[in-house]
Amino acid sequence: MISLELSKNDKIELTIDALTSEGSGVGRYNGLAVFVRGTVAGDKIIAHIIKRSKNYAIGIIDEILVPSGERIETDCPYSKKCGGCSFRHVTYEEELRYKKSRVQDALERIGHLNIEVDGIIGAEELNGYRNKAQYPVSISDNELFAGFYAYKSHRIIPCADCKLQPPEFEKGLEAFAQWVKRENVTSYDEQTGRGLLRHIYFRKGFATGEIMACAVINSNKIPNPELLVSLLRENISTLKSVAVNINREKTNVILSNNTKIIWGEENIRDCLLGKTFIISPNSFYQVNHDQCEKLYQKAKEFAGLTGNETLLDLYCGVGTIGLTMADSVKQLVGIEIVPQAIENARQNAKLNGIENADFICTDAQKGAQILKKQGIKPDVIILDPPRKGCDKTLLDTIEQMKPDRIVYVSCDSATLARDLEILASKGFETKKVTAVDMFPRTPHVESVCLLKLSNKD
């Protein structure tokens, strides 16, 4: 029975039984779910209730009475406020166990699939692994505050030395701070739509060391770009590119499609599984280099390529996943809606001497229909959609194509499970699922799945 007496500002004793998909702990108080960030399954705490709704309550830790055996001391002074990491206070073994179980739960509860996740591929490096950072900024009295949003808010937690980012990004922020101070740069105000600097954006090629720095601005130009370039070059020895992204829309989308290079190269380079890739400011590229290689190796294993297949890489980005398999197929076709990414994919194919690849700039659904009209029948399809998963019309087109195998790479286990159930109704049986921890210390988990067409007729 749900307690009707529980109110805001009450303090209750609570045992944490499980974790949510966002990494918050959840316990029951007289049948009512109470969510508390920063807790671990097995914690016994005093929770201070800060919100009470009809069906649940939200609390914060007032006191830890009995810590879970999986609790550790956080190594980050920002983790309790920042919305990025959810597991800095949890052993990595428990984090992996939870992430694997989360994928398993989605497959069973949402996808209604009777299949076991055959393991989770953990990371060797838990810190400094991100090759991309997008910092929201606030400027007060010519002082730059850059960091990340607090949990479920747009309140910036200043954090230049985030443990997930490589040290070059902190050096880059120092250069931006000096430029802000010397040029009286203002920060963008979401309410008024005024102010110049919206975000600071870095990318790094981990195999090459190359760095790209980008200022996202609410204008057509920045003051004294030569000074900014000079400061960045002083602070980052491997700097290869400085860009400005012009975003004048009232939107929470960080990057527009209008990017101008103010110094250096248009792109930076990285290497994955022996292939070299060009990365532009707007193109999608997996944020964890080492785990990406493990993910792609598992995807290639699931694809079961013999050299005779036509491989269709939907949502191909800059072509990374397909091009790492191009040597093992007869023909590769990649489809992506971002023009700059397709341009990069074509450059990447040329850069690596790959002549059996073709890339089409359109959305995945239209691209699949184009191939169907051209009579190109893929033997294997790679699906690596955004977090929202695949459109139903795309899945209908895949059904008509009747590939022998589908390798589905997903960053959201809920939409993955939904799509796997739909594909099962179309005759594609999920044969294998492996989880991959692409984002250690955060709540996100990647999955790679093998599906086979059970009945071609």
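This one's a predicted model, so the numbers in the text were calculated from it and none came from an experiment.

Asks: Can you walk me through the overall build of the protein chain in this structure?
Replies: What the protein chain contains, in helices and strands, is 9 helices and 22 strands. Counting only C-alpha atoms and orienting by the principal axes, one finds that the protein chain spans roughly 65 × 60 × 40 Å. Counted over contacts in the protein chain with a minimum sequence separation of 6, partners at least 24 positions apart contribute 65%. Averaged over its 59 positive side-chain charges, the protein chain has a centre that lies 4 Å from the centre of its 60 negative ones.

Asks: Help me understand unusual backbone geometry, please; the structure alone is not making it clear to me.
Replies: Leaving glycine out, the prevailing phi sign among residues is negative, and the prevailing peptide bond configuration is trans. The phi dihedral of Y315 falls on the positive side, at around 55 degrees, and the residue is not glycine. Take Y315: it is sitting in the loop between β16 (310–314) and α5 (320–323). Positive phi values are uncommon outside glycine, yet K402 reaches one of about 50 degrees. On the secondary structure map, K402 appears in the loop between α8 (392–401) and β20 (405–410). Taking the relative accessible area as the measure of exposure, K402 reaches 32% and is therefore partly exposed.

Asks: Can you walk me through the layout of surface pockets in this structure?
Replies: Empty pockets left among the atoms are what a rolling probe the size of a water molecule brings to light. Roughly 800 Å³ of volume is contained in the second largest pocket. Taken together, 32 residues line the second largest pocket, and the ones lying closest to its centre are V36, R37, G38, S79 and K80. Listed by contribution, the elements that provide at least two residues to the lining of the second largest pocket are β3 (32–36), β4 (44–52) and β5 (56–66). Of the residues belonging to the lining of the second largest pocket, the class tally is 13 nonpolar, 9 polar and 10 charged.

Asks: Teacher, can you tell me more about the sheet that holds strand β22 (residues 446–453) here?
Replies: Whenever strands of a sheet pair, they do so through backbone hydrogen bonds, lying parallel or antiparallel. Sheet architecture is open: 8 strands sit in the order β6-β21-β22-β20-β19-β16-β17-β18, paired in mixed fashion. Since the sheet does not close on itself, it has two edges, and those belong to β6 (120–121) and β18 (357–361), each with one partner. With 4 bridges joining them, β16 and strand β19 (residues 380–383) adopt parallel strand pairing. If you follow D313 over to β19, its bridge partner there is I382. The strands that α8 touches are β16, β19, β20 and β21 (428–436); relative to β19, the one it contacts most, it runs at about 165 degrees.

Asks: Just to check I follow, could you spell out helix α6 (residues 339–351) for this structure?
Replies: Taking 1.5 Å of rise per residue, 13 residues should cover 18 Å, and α6 covers 18 Å from first to last C-alpha, within 8% of that figure. For α6, the set of buried residues is A341, I342, N344, A345, N348 and A349. Axial view of α6: buried residues confined to an arc of 160 degrees, hence all on one face. Exposed side chains of α6 directed beyond 90 degrees from the buried face belong to P339 and K350. Contacts made by the buried residues of α6 are with β15 (275–279), α5, β17 (331–336) and β18. Positive backbone phi, approximately 65 degrees, marks G353, located one or two places after α6.

Asks: Before we go on, may I ask you to explain the sheet that holds β3 in this structure?
Replies: A barrel is described by the order of its strands in space; here 5 strands give the closed sequence β1-β2-β3-β5-β4, paired in mixed fashion. This sheet shows a mean twist of 50 degrees between the axes of neighbouring strands, independent of strand direction. Sheet analysis places strand β1 (residues 11–19) next to strand β2 (residues 25–29), joined by 3 bridges and oriented antiparallel. Among the inter-strand pairings, A18 is bridged to a residue of β2, identified as V26.

Asks: Looking at this structure, how should I read the state of the cysteines?
Replies: Put plainly, a disulfide is one covalent bond tying together the sulfur atoms of two cysteines. Applying the stated criterion across every chain yields a total of 0 disulfides. Take C159: it sits in no disulfide, and the sulfur closest to it among the cysteines is that of C162, at 4.8 Å. The closest cysteine sulfur to the non-disulfide-bonded C449 is located on C390, 11 Å from its own sulfur. Judged by relative accessible area, C449 falls into the buried class, the value being 0%.

Asks: Before we go on, may I ask you to explain empty space enclosed by the protein in this structure?
Replies: In this structure the tally under the stated criterion is 1 cavity of 30 Å³ or more. Approximately 60 Å³ is the volume found for the largest cavity. Residue classes in the lining of the largest cavity are distributed as 7 nonpolar, 3 polar and 1 charged.

Conventions and cut-offs
- Note on numbering: residues in each chain are counted from 1, in written sequence order.
- Only residues with pLDDT of 70 or above have their local features reported here, since the model is predicted, and side-chain atom pairs are shown and tallied only from 80 upward, although totals for entire chains, interfaces and linings are computed over all residues.
- With hydrogens and water stripped out, all remaining heavy atoms of the structure feed into the side-chain values.
- Each helix is a run of DSSP H or I of at least 4 residues and each strand a run of E of at least 2, with the numbering of both proceeding from the N terminus.
- When checking whether two residues touch, look at their non-hydrogen atoms; a contact exists if any pair is within 4.5 Å.
- Charged-residue counts in this description rest on Lys and Arg as positive and Asp and Glu as negative, His and the chain ends being excluded.
- Charged groups are reduced to one reference atom each: NZ for lysine, CZ for arginine, CG for aspartic acid, CD for glutamic acid.
- Note on classification: 1.4 Å probe, protein chains only; a residue is buried when its accessible area is under 20% of the maximum for its type, exposed when over 50%, partly exposed between these limits.
- Buriedness for pockets is judged along seven lines, at least five of which must meet protein on both sides within 12 Å for an open set on the 1 Å grid over protein atoms alone, while cavities are sets there where a 1.4 Å probe fits but cannot get out, and lining residues have an atom within 4 Å of a point.
- Grid points are joined across faces, edges and corners, and a volume is the space filled by probe spheres set on the points.
- For this classification, Asp, Glu, Lys and Arg are treated as charged, while Ala, Val, Leu, Ile, Met, Phe, Trp, Tyr, Cys and Pro are nonpolar and the rest, including Gly, are polar.
- One bridge is not enough; two strands pair if DSSP finds at least two bridges between them.
- Each axis is a line fitted through C-alpha atoms, taken for helices only over the stretch in contact, and angles between the N-to-C directions span 0 to 180 degrees.
- A helix is expected to reach a length of 1.5 Å times the quantity of its residues less one.
- By construction, the arc corresponds to the directions joining the helix axis to the C-beta atoms.
- Two cysteine sulfur atoms form a disulfide, by the criterion used here, when they sit within 2.5 Å.

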